[in-house]
Amino acid sequence: RWADKGVVVKQECQWPAERSTITVAHHPSPTTHHPTFAMKLRVPYWATEGFDIRLNGKSVAKAYKPSSYVEIPARQWKATDVVEVVMPFTKHIDFGPDKMETTAAYTKGGKTDYTPMWAGAFMYGPLVMATTGVSNWDEATIDVAPDMSDVTLCGATEGTGADAPLYTLTFGGRTFIPDYAGDKHTTHYFRMTIPADPDALTSHLS
C-alpha cells in the first residue's frame, strides 16, 4: 500500500514461484487520477536463462543482467496494466567463501584432516537443495561435471491447498529436495572437486 500515491501494488504467485504478476490498483474518487511512477524489478543473480519481464504482454528489455534491476519508466498506471515476471529456476552451485581445510570427525581416534576443497550446495533457482543418508565427509565429497550435466532438474510437483510445489533434483543416485522441506537429518553442503577452470562451473564466486 502506497498511501502518498493512493495505490496498492499487488503481486500474485505461487510459492516458490517461477512466474508472478503485478498489478496496480488505485482508490477511486473524484480527485484520484491514474498514479504515475517508475517501477524497478530485481533480476536475481541466478536468473541466467529465460528471464523476462513483460508489460501487458510485451518484453520490457531485449536482455537482462543478473544481479541488477530493470526499470519500467514512469507511466500512468491503470488497473488493467499487468506486469509479468518470468524467472525459470536454473541450476548452479553456491560455494562457501573459503576452502574447507579440515573438519573434525569425532571418533575414538580423534579428528581426521581432509585435503582443502571447496564446499558448496546445489541450488535450484533460489532454493538450497539437500539430501538424506549422508553420514560422513567421505560420502559428502563429490565430483561434479563442469557444466553440471550430471545434475538433473526434475521440476516441481503441483501444489494443492496449503502444500507448496516441491522442487527436486537428482545427482549421483540421490534425490535432493529444498532444505526447508526436510523433516529429518539432511545435508546440503558438499565438498566438491573443482575443475582446472573454476569459471566452467555455474557459480557466482566472482
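Residues numbered from 1 in each chain as written. Predicted model: local features only at pLDDT ≥ 70, side-chain atom pairs only at ≥ 80, totals over all residues. Heavy atoms only, no water.

Quick notes on the sheet that holds strand β7 (residues 83-86)
Argument step 1. Here five strands make up an open sheet; going across it, the order is β1-β2-β7-β4-β5 and the pairing antiparallel. At either end of the open sheet lies a strand with only one pairing partner, and these are β1 (7-13) and β5 (58-59).
Argument step 2. In this structure, β1 lies alongside strand β2 (residues 19-26), joined through seven bridges in antiparallel fashion. When the bridges of β2 are listed, Val8 appears paired with Ala25. (Pairing = 2+ DSSP bridges. Helix = DSSP H or I, 4+ residues; strand = E, 2+ residues; numbered from the N terminus.)

Some details on the nonpolar core
Soluble, globular proteins show a tendency: their nonpolar side chains are buried together.
Argument step 1. Core analysis: the biggest nonpolar cluster contains 38 residues, and Met39, Val83, Phe122 and Val144 have the highest contact counts within it.
Argument step 2. Top contributing element to this core by residue count: strand β3 (residues 36-43), with four residues. (Core = buried A, V, L, I, M, F, W, Y, C linked by side-chain atoms within 4.5 Å. Buried < 20%, exposed > 50% of the residue type's maximum accessible area, 1.4 Å probe, protein only.)

Some points on the packing of aromatic side chains
Argument step 1. Going through the model one piece at a time under the given rule, you end up with 11 aromatic pairs.
Argument step 2. Ring centres of Phe89 and Tyr124 lie 6.5 Å apart, and the angle between their planes is 75 degrees; on these two criteria the pair is classed as edge-to-face. Of this pair, Phe89 sits in the loop between β7 and β8 (91-107) while Tyr124 sits in strand β9 (residues 110-124), and the two are 35 residues apart along the sequence. The two residues Phe89 and Tyr124 agree in class, both being buried.
Argument step 3. The interplanar angle of 55 degrees and the centroid separation of 5.1 Å between the aromatic rings of Phe122 and Phe171 together place this pair among those described as tilted. Within this pair, whereas Phe122 is found in strand β9, its partner Phe171 is found in strand β13 (residues 167-171), the two being separated by 49 residues in sequence. Phe171 matches Phe122 in its accessibility class, with the two residues each being buried. (Phe/Tyr/Trp six-rings, centres within 6.5 Å; stacked < 30°, edge-to-face > 60°.)

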